[in-house]
Amino acid sequence: MKPDNEIYAMIIQDIHLSGFINLDPETGLDLSLIENKKILSARAENKRFLFFGLIGVIYGLSKDEKRKYKDKRQNVLTGRIDIRFDDYIMHIERDFETDIVAILSSGKNTYKPVFQDKDIVGSDSRPYLKILESFFSITDKQLIMEICNDSFRNDQSTLGELLDLLYLLIRPKFKMSAIKKLISSSKKVIEFTSRTENNSSISANLQDAINQLHLLKNAKKLAQSSASLDSDITKLQNCVDSFPTTNPQDDALARLKQRFPLIYQLDATMVKRDITRLHALQTSFHRIKQRLNEVNTKKTDIENIINKKLLIYSNLPDSFEDDFIKYQELTMDQAQLKNDFDRLEIRDDNLQTDLSSKKKTEFLLQSLSVSILLLFGLILFSDKWPLITGLTIAVSFIIYFSMRFLKKSIINDLEESQQKRTDLKTKLKNIEKSIYALREESYLLDDQDYIDSHIERFRKYKSVKKQLDLLNNELNDFKTQLDSDKFKFDMPHLERKYKDLINLNPPEGLQTYIDEFETIQKEAETMQIEHAVDERLLPLVNIIYEYSNINTELKKTRTYIEDFLEIEEIEKNIDRRISELERQITHLKQQIQLENA
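These numbers were taken from a predicted model, which means no experiment stands behind them.

Trainee: Can you walk me through the packing of helix 9 (residues 202-242) against helix 18 (residues 574-596) in this structure?
Mentor: Packed helices, taken two at a time, are described by their axes: the angle between them and the distance between them. Taken N-terminus to C-terminus, the directions of helix 9 and helix 18 make an angle of 155°; their axes are 9 Å apart at the nearest point. In this view, helix 9 runs roughly antiparallel relative to helix 18, as classed from their interaxial angle. The two elements helix 9 and helix 18 meet at a crossing, and its hand is left-handed. Taken together, the residues of the contact of helix 9 with helix 18 break down into 13 nonpolar, five polar and seven charged.

Trainee: When you look at the packing of aromatic side chains in this model, what are you seeing that I'm missing?
Mentor: What describes a pair of aromatic rings is the distance from one ring centre to the other and the angle between the planes of the rings. Taken as a whole and assessed by the stated rule, the structure comprises nine aromatic pairs. Each ring, one from phenylalanine 20 and one from phenylalanine 96, has its centre 5.7 Å from the other, and the planes form 85°; the classification is edge-to-face. Highlighted residues: phenylalanine 20 in the loop between strand 1 (11-18) and strand 2 (30-32) and phenylalanine 96 in the loop between strand 4 (89-95) and strand 5 (100-106), separated in sequence by 76 residues. A connected cluster of aromatic rings, assembled from ring pairs, spans Phe85, Tyr88, Phe135 and Phe174. Its end group placed over the ring of tyrosine 128, arginine 94 keeps NZ or CZ at 5.0 Å from the ring centre. Arginine 171 extends its terminal NZ or CZ atom over the ring of tyrosine 167, reaching a point 4.6 Å from the ring centre.

Trainee: Sorry, what's going on with the pairing of strand 4 here?
Mentor: Put simply, side chains in a regular strand alternate between the two faces of the sheet. Counting buried residues in strand 4 gives five out of seven residues, a clear majority hidden from the surface. Here strand 3 (residues 78-84) runs beside strand 4; their pairing, made up of seven bridges, is antiparallel. The residue bridging isoleucine 83 from the neighbouring strand is methionine 90, located in strand 4. Once strand 3 ends, the chain turns through four residues before running back antiparallel as strand 4. As judged from the seven bridges shared by strand 4 and strand 5, these two strands associate in the antiparallel manner. Bridging across to strand 5, histidine 91 finds its partner in leucine 104.

Trainee: How should I be thinking about the nonpolar core in this particular structure?
Mentor: Considering soluble globular proteins, one finds that nonpolar side chains tend to be buried as a cluster. Ranked by internal contacts, the top residues of the largest apolar core, which has 88 residues, are Phe51, Ile92, Phe136 and Leu540. Every residue in contact with phenylalanine 51, bar those within four places of it in the chain, is listed here: Met145, Cys148, Phe152, Leu159, Leu162 and Leu166. In terms of nonpolar packing, the next biggest core, distinct from the first, is built from 42 residues, Met270, Val295, Leu471 and Phe517 among them.

Reading guide: rules and limits
Residues numbered from 1 in each chain as written. Predicted model: local features only at pLDDT ≥ 70, side-chain atom pairs only at ≥ 80, totals over all residues. Heavy atoms only, no water. Axes fitted to C-alpha atoms, helices over the stretch in contact; angles between N-to-C directions. Helix = DSSP H or I, 4+ residues; strand = E, 2+ residues; numbered from the N terminus. Parallel < 35°, antiparallel > 145°, perpendicular 65-115°, else oblique. Left-handed = near helix turned anticlockwise from the far one by under 90°. Nonpolar A, V, L, I, M, F, W, Y, C, P; charged D, E, K, R; others polar. Phe/Tyr/Trp six-rings, centres within 6.5 Å; stacked < 30°, edge-to-face > 60°. Lys NZ or Arg CZ within 6 Å of the ring centre and 35° of its normal. Buried < 20%, exposed > 50% of the residue type's maximum accessible area, 1.4 Å probe, protein only. Pairing = 2+ DSSP bridges. Core = buried A, V, L, I, M, F, W, Y, C linked by side-chain atoms within 4.5 Å. Contact = heavy atoms within 4.5 Å.

Purely geometric numbers; function is a separate question.
Pasting the structure below:
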């Protein structure tokens, strides 16, 4: 039988008994198809016969039990049951006459023996039970019968109810193994998806949709598993509580349940560790947030100072002071060069005047000398005019070459001066370009009347800006810390985990509250150990403990899936989400087929 809320297929599906007393002829001895409602609804003696025969096949019968249940008309007394696990079937066959028992395992294409030997109830050595421990959580037949005793004796309870109780006791190993595989599968999908590069190709979208579908289906199974574990923990605890205790006066466990009704089953050490970490994370978080607010306030004040008083200096280069010194030097150089240029210009004007004067003098000398020589020569020596003409020409040449020498010196000086003026013009243009570039970069250089005030304010701006940069770096550091996994995932996870279980702000203080929980639980555990009725109950206690731990890990994994898929209340409309993803996957596969066609 498989309960409605059970997702792990471990059921007894076939029972075959031979040589047993048949208490209900209508039921028969071949009890195949255990799901048959008529068989499951068997009550009273018929139920007890079927259940005892089933337990006998699994755990064996004593000599007295064999005599009680054997049909004296039969020469055989055998039994076989088939237990189906998810992907294989375990066959247990027992010959009660020879005490030979065999276990075989069959899968899709496999059929192999697991064990075959004698198994005698009451013997000190039973290797068969060691094999059963690999499959079943509890192998103590007497303990199982004691736990099932009330339902076994109650005529109104059914065989199906007895089987549910049996599954509760023998299924945990298989169940926990299946849940661990489910948790591991979810984590691997998340890890694989996190390592995969993001791209927008159809194949990538298809893989992403497949991963999301896998995680959603796992989340659904995890929710079902959690509900199933909670139910089993309650039932197992009822089994433990129903056993008589040697110390009825011991109220430690009662006080624990009354004081901590929602967490008394949890491990106090683990809870204390989680709460201590949560408290440390919350304290650190609030301290960082407080410091973040303080830094933001300082930053706002500094930004207000800059915006109201120093904003004009925000666009100046860091070299403003050096630019000012360079600007002064260039301005002085420019003035000096202009003075030199003006002096050269005056000198050039003087040289031009001197040159013009020399030219006029040369013209006058030439004109007068030629006129005088010709006039007097023709008057005094009219018969010697060739000589006079030659003499006149000679004098003209003498005057020309003499004046030419004088003009050449002036012309050389003038050319040299003009070259200097050209060089000065080039230097002035370069200086003007440099000054213009400085003015463009540091536009306050022209405000010479207030330059000292500007420099002082610029220094203040640089000092304030440096403080602002330090504050921004501090803010970035705080934001990085707040974005870390411990604040982004661990702290919210712990808060969600305990918000409905523990008052995180009890009047006496959280640490005192948790210390009290740990103290009372240890006291209760000590009492239970000291006054234990039967150590055989320890397997049940261990199952409850292991179920609680794996349930915590299971819920943590569900939270990781919620955070990874960024879906709150993931169970809400989960079937609709799964259907939408399945349609999306079908559509993407069709697109890929069309592209490859």
